[in-house]
Amino acid sequence: MITLWRMITFGVQNFWRNIWLSVVTVIILTLNLFLMSLVVGLNVVGDQALAAVKEKVNLSVFFTATTSEEQVETIRQELLQKPEVKSIAKITRQQHLDDLKKAYPNSGLVNAAIELLGENPLGPGLVVTARSFDGYSGVVQALQDSKYETVIEDTGNDFEANRDVINTIDHTVGRLRIAAIWLNLFFALIAVLMVFNTIRVNIYTHSDEIGIMKLVGASDTFVRGPFVVTSMMYGLLAAILTTLIFVPILTVTNPFLNSFFAGYDINILGYYYSHVWLVLGLEVLVGCGLSVLSSLFAIGRYLRV
Amino acid sequence: MVTLEHVTKIYQKDSIGLEDVSIEINAGEFISIVGQSGSGKTTLAKLIIAEERPDKGKIIIGGWDITHIKHHEIPDLRRQIGVVFQDFKLLPRKTLYENVAFALQVSGEATSRIATVVPQLLKIVGLEQKMERYPRHVSGGEQQRVVIARALAHRPKLLVADEPTGNLDSINAQEIISLLQKINEFGTTVVLVTHNKDIVNMLKKRVITLDHGHVIADQRAGKYLL
């Protein structure tokens, strides 16, 4: 216990008595942690954006003007039986007309056509929301059944077009995710090399001391211990500094990100705050892990005294 | 106390450290190992503290055969032997007090005992007033005295001093030798590795002369031969 306490004390002493070396090591570790956090953050933004786009998708089905409310309700109930369907909202004929007018507020052509016909030419509709994006295919297939052929005006051809767009986004995000994984690995490799070399130089400046400690009877553990403690301090401080840099940057960029994703339920800052302990924990783990492993590896050669 | 039986240490094919050296050092002796540069004096000191391993032969320290000492046993051996180096080997980022205390801390000595023993040791070497200074803030002679204080921390039965006066002027050198003599008078076996002719001749103690890795003379109350 007393030995452990001494190793901790020496580790803290090492940190302060080599303050400039400590500052440089912490800055380099912070830089690497920041880069890694940024890449992971961009991954999260991509995933959230795609999830928000998928969440926005629904399938609108419009019926002929002669379809009765009862027929619409029957079809609605049939569709609700399908496990992939989450909810179905009804659109009345009047609502349909209002929506059209709202969509084209200054179009005299629409108003003229309605006046010419003398009555509302639009039928009622249903807005289907599936539990998952893939569930829409099943709904479209069900609506293509011949029993609905006479009443359905529009069987969701738009959905097929939208699905192609979403699939393209999905594929692009997928490819981006693979690229991000490689980028992460690349950054991780650079980070490991940078941190390892910084700590190696740090340990090298202590190589004579390590030899002296060994010559006066210190065990390998007693020599390693303080360096492990100092390395943990580097990792911990770097993680805290990364967070202190990341939060203001995220706060400043959040309005731009929000306006970029206007209309979608995306809040990067909110997401960050709700995961802040996980992020900080991971940064501490990566920061401490990298520096401790580097120092243990670098110190080995000087222990052979 | 120290027994070397037919010890050979070869660094490279044509670089012989020691060859077939047999020495018996008795408890309480003050022995000088002399010889020119490259004669094997430092190799002998390094073999005693297990900084080097012999290629042949046997080394026994206080009844402990350290010929094939395991890596994890080396700290135990070094805590039983006091070592004084020519280049002091003080920890530069620790104060004089902390340097002496470190030798006790590595073996898990209680903090209260360290707080009592370290000032006493520094008083013995005349540095009790400078214990909070760093090594760079004291002279070479004072640094060497700190090294002696550190070497005495475990009350060793054997003290190996490898060229302890090599970096000192004659006055400081004399002070260090007087200190070593005093330590020897209290019963500690002292092995002094040196090439300082005046010191060896003044001591009038046992002298082992090495040349090219061989023992060429072993005198009971000897003089510097080369």
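Small disclaimer: the values here were computed from a predicted structure and weren't measured. (Residues numbered from 1 in each chain as written. Chains lettered and ligands numbered in written order. Predicted model: local features only at pLDDT ≥ 70, side-chain atom pairs only at ≥ 80, totals over all residues.)

### Regarding the domain arrangement of chain A
The domain architecture assigned to chain A consists of domain 1 (2-54 + 167-303) and domain 2 (65-150). Measuring from the centre of the C-alpha atoms in domain 1 of chain A to the corresponding centre in domain 2 of chain A gives 54 Å. (Domains from an automatic or database assignment.)

### Some words on the interface of chain B and chain A
On the side of chain A, 13 residues touch chain B, which itself brings 15 residues to the contact. Of the residues contributing to the side of chain B that touches chain A, the split by class is six nonpolar, three polar and six charged. (Contact = placed C-beta atoms within 7 Å. Nonpolar A, V, L, I, M, F, W, Y, C, P; charged D, E, K, R; others polar.)

### Here's the deal with the environment of F297(A)
Positionally, F297(A) belongs in helix α11 (residues 276-299). The sequence separation of F297(A) and T168(A) amounts to 129 residues, and the corresponding C-alpha distance is 46 Å. (Helix = DSSP H or I, 4+ residues; strand = E, 2+ residues; numbered from the N terminus.)

### Digging into the sheet that holds strand β3 (residues 30-34) of chain B
In sheet architecture, strand pairing relies on hydrogen bonds along the backbone and comes in two forms, parallel and antiparallel. Residues and elements named next belong to chain B. Read across the open sheet, the six strands follow the order β6-β7-β8-β3-β9-β10; overall the sheet is mixed. Looking along the sheet, the strands with just one partner apiece sit at the ends: β6 (81-84) and β10 (214-219). Averaged over all pairs of adjacent strands, the angle between strand axes in this sheet comes to 15°, irrespective of strand direction. Inspection of the sheet shows β6 paired to strand β7 (residues 158-162) by four bridges, in the parallel sense. (Pairing = 2+ DSSP bridges. Axes fitted to C-alpha atoms, helices over the stretch in contact; angles between N-to-C directions.)

### A short note on the sheet that holds strand β2 (residues 15-25) of chain B
Residue and element names in this part refer to chain B. Strand order in the open sheet made by the four strands is β2-β1-β4-β5, with antiparallel pairing throughout. Both outer strands of the open sheet, β2 and β5 (64-65), are each paired with one neighbouring strand and no more. Examined bridge by bridge, strand β1 (residues 2-12) and strand β4 (residues 56-61) share five bridges and lie antiparallel to one another. Residue T3 lies in a different strand from β4, and its bridge partner there is I60.

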